[in-house]
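Residue-level structural notes
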Amino acid sequence: MKEKSDVNKYQYYDLFDYVSRVGNYNFNEVNFNIIDALIFATLSYYYFDFMKIKENSILTLFDAVHIYRMYPNLMYEADLKSVRNDFLKYLIEFDRYKNLELSNYEHIISEKAEQQFSALTIKLNNDTAFISFSGTDATLIGFKEDFNMSFLDIIPSQVSAKKYINNKIYKKYKNLYLGGHSKGGNLSLYAGLTSEQIIYRKIKNIFNFDGPGLSHVINKPRYANMQNKIITIIPNMSIVGMIFTDYNDSYVIESYNQGLLQHDSFSWKIDNNNHFVFATHLARSSKCLNKSLQKYFANLSKEDREKYIDILWLLVKETNAKDVFELRDNLLRNFYKMIKVYSKLSKDEKEMFKKNSLYFLKALKDETLHLNDKVNDIKYANENKFDYFEI
């Protein structure tokens, strides 16, 4: 991320700058907008497990953050970079956010079900709530569930998202917004499409921040009617947000980061009008990866994809690492363990694993060689619709 001096020089800002600019204004004075939606979408990443206790089940953001900071283990386990924890502390310095009511926190980690799920409800006022679904955290089981999307029509977290949205407590609201970053965006889509009719009618918008689309369309009539409610944001170099997604239906924005690091929402550029800075094109490398993944999914059966992921998981699981920190901190030792396990695979398993790996690499190579170098400028209509959402 650029230093503040560079950011201001180019009239581009980040989430910290945005909060400092609007934080002293309530939502009647400065409208609830797309940047606020991103902030709310990130809140479900934090491990507010203390909210599972009845007396803490409903808290202001201010109180929740103060309790959260009393538990360093929660801050570590959530894999939240220092900038994310600094942002949470910064957020509660401002009246716009600190008195927001948080409730209905859920957090599921299950190795047996191969599931990592988290959700949180933010009450803006008596009429309006934002339902935030978390993306993948640092747990390896969270990544396993992501990989399972390649061969499962429905993953466990989608089932949990459906159950979450259909809670009777949401019937009292007039306006509901759903949103999430990464996998959380996918869960928001699924929850909206599977919500009961009384809940569905209250959904104003669904925000998918660089998250995968749906592997197959469910409830086609509702999906068609919901298209104008879905807002998909992807950075210039997107991988996760391009899975099961047509980038022509997305808004492409600029990031301070390069390559894969653009997935970090704290790197996304914001202008002084409280908009994302829209990109003129999607990165060539992102298009290559997208087309390669399309070939991978189209030409390999679900059964082959499942076998491939199961072997990959077997290699990772043998390291006994519980999260990406443990996997990374002992990388050489863990790599040796994986090689050792790989050597014990059957001949057929080795051949299948090699075949699948090479197939994707070949598809990527072919797309890189044949992709047209021409850059097509992206033109957006009605960008101002992000300025105001009803509350």
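1. Observations concerning the nonpolar core
Proteins that are soluble and globular tend to have nonpolar side chains buried together. Counting 56 residues, the largest nonpolar core has F40, F48, Y97, F209 and F276 as the members making the most contacts within it. Of all the elements, helix α3 (residues 34-43) adds the most residues to this core, at eight residues.

2. Structural notes on the side chain of N166
In this fold, N166 is placed in the loop between α9 (156-165) and β6 (175-181). In this structure N166 comes out as buried when scored by relative accessible area, which is 17%. Within the structure, N166 has its side chain in polar contact with the backbone oxygen of K162 (distance 2.9 Å). Residues within four places of N166 in sequence aside, it is in contact with T194, S195, E196 and I199.

3. Focus: the sheet that holds β6
Taken in spatial order, the eight strands of this open sheet run β2-β3-β4-β5-β6-β7-β8-β9, and their pairing is mixed. This sheet does not close on itself; its edge strands, each paired only once, are β2 (59-60) and β9 (251-253). Pairing of strand β5 (residues 128-133) with β6, which is carried by six bridges, proceeds in the parallel orientation. Bridging from a neighbouring strand, A129 pairs with L176 of β6. Together, β4 (115-123), β5, β6, β7 (203-209) and β8 (230-235) form the strand contacts of α3, whose direction differs from that of β5 by roughly 55°.

4. Re the pattern of salt bridges
Oppositely charged side chains are able to pair whenever their charged atoms sit close together. One pass over the structure, following the stated rule, counts ten salt bridges. For D310, the salt bridge identified is with K144, shortest N-O distance 3.8 Å. With D310 in helix α14 (residues 302-317) and K144 in helix α8 (residues 140-148), this pair connects stretches of sequence that are 166 residues apart. Taking relative accessible area as the criterion, D310 reaches 36% and is therefore assigned partly exposed. By relative accessible area, K144 is classed as buried at 1%.

5. Details of the environment of E196
Tracing the sequence through the fold places E196 in the loop between α10 (183-193) and α11 (197-200). As for E196 and K220, which are separated by 24 residues in sequence, their C-alpha atoms are 15 Å apart. If we ignore the near neighbours within four places in the chain, the residues touching E196 are N166, K171 and R222.

6. What about unusual backbone geometry?
At N104, a residue that is not glycine, the phi angle is positive and equals roughly 50°. Structurally, the position occupied by N104 is in strand β3 (residues 101-110). On the basis of relative accessible area, N104 is assigned to the buried category, the value being 18%. For E114, which is not glycine, the phi torsion reads 55° and is therefore positive. Tracing the backbone shows E114 in the loop between β3 and β4.

7. Focus: the pairing of β6
The buried fraction of β6 is high, at seven of seven residues. Inspection of the sheet shows β6 paired to β7 by six bridges, in the parallel sense. Counterpart to G180 in the pairing with β7 is N208.

8. Remarks on α10
Across the eleven residues that make up α10, a large majority, eleven, are buried. Among the residues of α10, K183, G184, G185, N186, L187, S188, L189, Y190, A191, G192 and L193 are the ones counted as buried.

9. Overview of the packing of aromatic side chains
We describe a pair of aromatic rings using the distance from one ring centre to the other and the angle between the two ring planes. If you walk through the whole model with that rule in mind, you get 32 aromatic pairs. The interplanar angle of 75° and the centroid separation of 5.2 Å between the aromatic rings of F32 and Y177 together place this pair among those described as edge-to-face. Taken together, the positions of F32 in the loop between α2 (15-22) and α3 and Y177 in strand β6 put the pair 145 residues apart, joining distant regions of the chain. Residue classification places F32 among the buried residues on the basis of a relative accessible area of 1%. Seen from their ring centres, Y164 and Y170 are 5.9 Å apart, and the 40° between their planes marks the pair as tilted. For the pair Y164 and Y170, one class covers both residues: buried. Put simply, the rings of F27, F32, F40, Y97, F130, Y177, F207, F209, W268, F276 and F389 touch in pairs and so form one group of aromatic residues. Stacked on the ring of Y13, the Lys or Arg R21 has its end atom at 5.0 Å from the ring centre. Lying over the aromatic face of Y200, R222 brings its terminal NZ or CZ to 4.0 Å of the ring centre.

Conventions we followed
- Residues numbered from 1 in each chain as written.
- Predicted model: local features only at pLDDT ≥ 70, side-chain atom pairs only at ≥ 80, totals over all residues.
- Heavy atoms only, no water.
- Core = buried A, V, L, I, M, F, W, Y, C linked by side-chain atoms within 4.5 Å.
- Buried < 20%, exposed > 50% of the residue type's maximum accessible area, 1.4 Å probe, protein only.
- Helix = DSSP H or I, 4+ residues; strand = E, 2+ residues; numbered from the N terminus.
- Polar contact = N/O pair within 3.5 Å; in protein donor to acceptor, adjacent residues only side chain to side chain.
- Contact = heavy atoms within 4.5 Å.
- Pairing = 2+ DSSP bridges.
- Axes fitted to C-alpha atoms, helices over the stretch in contact; angles between N-to-C directions.
- Salt bridge = Lys/Arg side-chain N within 4 Å of Asp/Glu carboxyl O.
- Phe/Tyr/Trp six-rings, centres within 6.5 Å; stacked < 30°, edge-to-face > 60°.
- Lys NZ or Arg CZ within 6 Å of the ring centre and 35° of its normal.

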